[in-house]
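Next come the chains, spelled out residue by residue.
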Amino acid sequence: MAPSALLTSLEKEFSVDAKMLLAISREFIRQMEAGLLGQKSSLKMLPSFVGGPTGKERGAVIAVDFGGTNVRILRAELGAGGAVNIAAIDRFPLKDPNGKYDHTGANATAEHLFDCIAERIAKIAPEGKTYKLGHTFSFPCRQLSIDRAVLIHWTKEFKTPGVEGQEIGALLEAALKRRGLDRVVPAAIINDTVGTQLTAAFKDPEVDVGSICGTGHNTCYLEPKHPLGRPMIVNMESGNFDGLTHSKYDAILDKASDRPGAQKLEKMVAGYYLGRLMQTVLRTEARCFANDASAFEKCPVVEGRELDSMIADSGDFPATRAFLKDRLGITAPTSESVFLVQRLAKLLGKRAARLVAGSFAGTIQKIDPEITRRHVIAIDGSLYEKMPNYDANIREALHEMFGQKADRIETVLAKDGSGVGAAIAAAV
Ligand code: GLC
């Protein structure tokens, strides 16, 4: 296939028009309702046992934010008027960049993983004072109460044995005990989406949806009529939503992943996968690039910052040319190849934002079918924060679906929501 024909085919494979978006949002609502009732659904609809914050939460808390290969620990003070003062912050990788240790791999142990977290907590929590601990644990958990959650299964390609099926709070508590940390008392365990929503709702009570668009993807919302009898934030684990059409490249990526068939939406929209998806397309279609085919066959995983710079590229596409030169060793690409690679980056970024918008549309309509009032979706994550046009693409999709009414739906960045949210949850 000539590059121009490939481009036409990619545009078709990766475009999601307004009609498709509306169909996605309808299917999303259907699965939300089924999941809430405990019927078959790709949306887990996990109760969080947290409602909205009152804004009156106060005091010194430690927050652990564990949801990717970097863990963050915060010591924070909650003050009047939604003020959150972060007194200290520590960040460390669970996977040593030099390969010395990897707490996320198949050879790690749960004990080592949680000991490592407890050790860093010891450093940040001065002696002589008691702290409540809020723990953001951003994986699908069956929540038993605000401070008890059982990991259903790992996502985001984590493999540490001995954690699935276990109570996360108990694993951390045991590690705190081994470290003699009686001054730190676990009080809450929440998902990062819930943390993001809480952080934003702490300041603006009309925030009713929280989402992460980063390495992983997931959304939660405040369900006013929860089957458990009181309004409650529900972690949908929407990265697992399956009401979508796979392109042939999504199917290849899925098959090569740790859990084929799972996390269908996440694999089409999240940072961990987008660079791999681009790699998959370029490798699969390498033969279209004539003399450069062998270089394209070895295309590495495209990094997030590379994807971002290619999306923003214009003119003679210097960022795309730099990618081809530095990472594929192609010094004199045809202008057709450069254009195709740049367009592909844009198509993948745009499709990600539009699919996410389709799920937001379903969520908002589940709460308020006619969109009669203001709604705020609080979003954290590297894609939302850094990917060029990401928010604009979400907004455009909402407008295509809802016309003027889309103006009632606001999207806001809730930076560090997952960490700060754990602090608020501990104090709630
Ligand atoms: C994955 C996890 C989910 C989390 C999301 C964002 O989808 O399963 O719990 O919220 O990543 O970190």
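Structure's up top.
Remember, predicted model here, so these are calculated numbers, not experimental data.

1. Quick look at the site of the ligand
In step 1: What surrounds the ligand is a group of 15 residues, the closest being K156, N191, D192, E237 and E266.
In step 2: Note that an oxygen atom of the ligand is positioned 3.4 Å from one of the backbone N or O atoms of S138.
In step 3: With respect to the ligand, the side chain of D192 contributes an N or O atom lying 2.6 Å from an oxygen atom.
In step 4: The fraction of the free accessible surface of the ligand (310 Å²) that becomes covered by protein chains is 98%.
In step 5: At the level of secondary structure, the elements contributing two or more residues to the shell around the ligand comprise α5 (192-203) and β10 (217-223).
In step 6: When the residues that make up the shell around the ligand are grouped by side-chain class, the tally is three nonpolar, eight polar and four charged.

2. What to know about the sheet that holds strand β8 (residues 184-190)
In step 1: The strand order across the open sheet formed by five strands is β4-β3-β2-β5-β8, and the pairing between neighbours is mixed. What marks the edges here is a single partner per strand, and that holds for β4 (84-93) and β8. Adjacent strand axes in the sheet meet at a mean angle of 20 degrees when their direction is disregarded.
In step 2: Of the strand pairs in this sheet, strand β3 (residues 70-78) and β4 are connected by nine bridges, and their pairing is antiparallel. Looking at β4, one finds that L78 is bridged to V84.

3. A short note on the environment of R58
In step 1: Among the structural elements, R58 can be located in the loop between β1 (46-47) and β2 (59-66).
In step 2: R58 sits 158 residues away from G216 along the chain, and the two C-alpha atoms are 31 Å apart.

4. Thoughts on the packing of helix α1 (residues 3-14) against helix α12 (residues 335-367)
In step 1: Interaxial distance between α1 and α12 falls to 10 Å at its minimum, and their mutual angle equals 0 degrees. Relative to α12, the element α1 lies roughly parallel. Along its contact with α1, which presents P3, S4, L6, L7, L10, E11 and F14, the element α12 presents E336, F339, L340, R343, L344, L347, L348 and R351.
In step 2: Taken together, the residues of the contact of α1 with α12 sort by class into 10 nonpolar, one polar and four charged.

Reading guide: rules and limits
- Residues numbered from 1 in each chain as written.
- Predicted model: local features only at pLDDT ≥ 70, side-chain atom pairs only at ≥ 80, totals over all residues.
- Heavy atoms only, no water.
- Near = heavy atom within 4 Å.
- Polar contact = N/O pair within 3.5 Å; in protein donor to acceptor, adjacent residues only side chain to side chain.
- Areas by Shrake-Rupley, 256 points an atom, 1.4 Å probe, with all protein chains shown as cover.
- Helix = DSSP H or I, 4+ residues; strand = E, 2+ residues; numbered from the N terminus.
- Nonpolar A, V, L, I, M, F, W, Y, C, P; charged D, E, K, R; others polar.
- Pairing = 2+ DSSP bridges.
- Axes fitted to C-alpha atoms, helices over the stretch in contact; angles between N-to-C directions.
- Parallel < 35°, antiparallel > 145°, perpendicular 65-115°, else oblique.
- Contact = heavy atoms within 4.5 Å.

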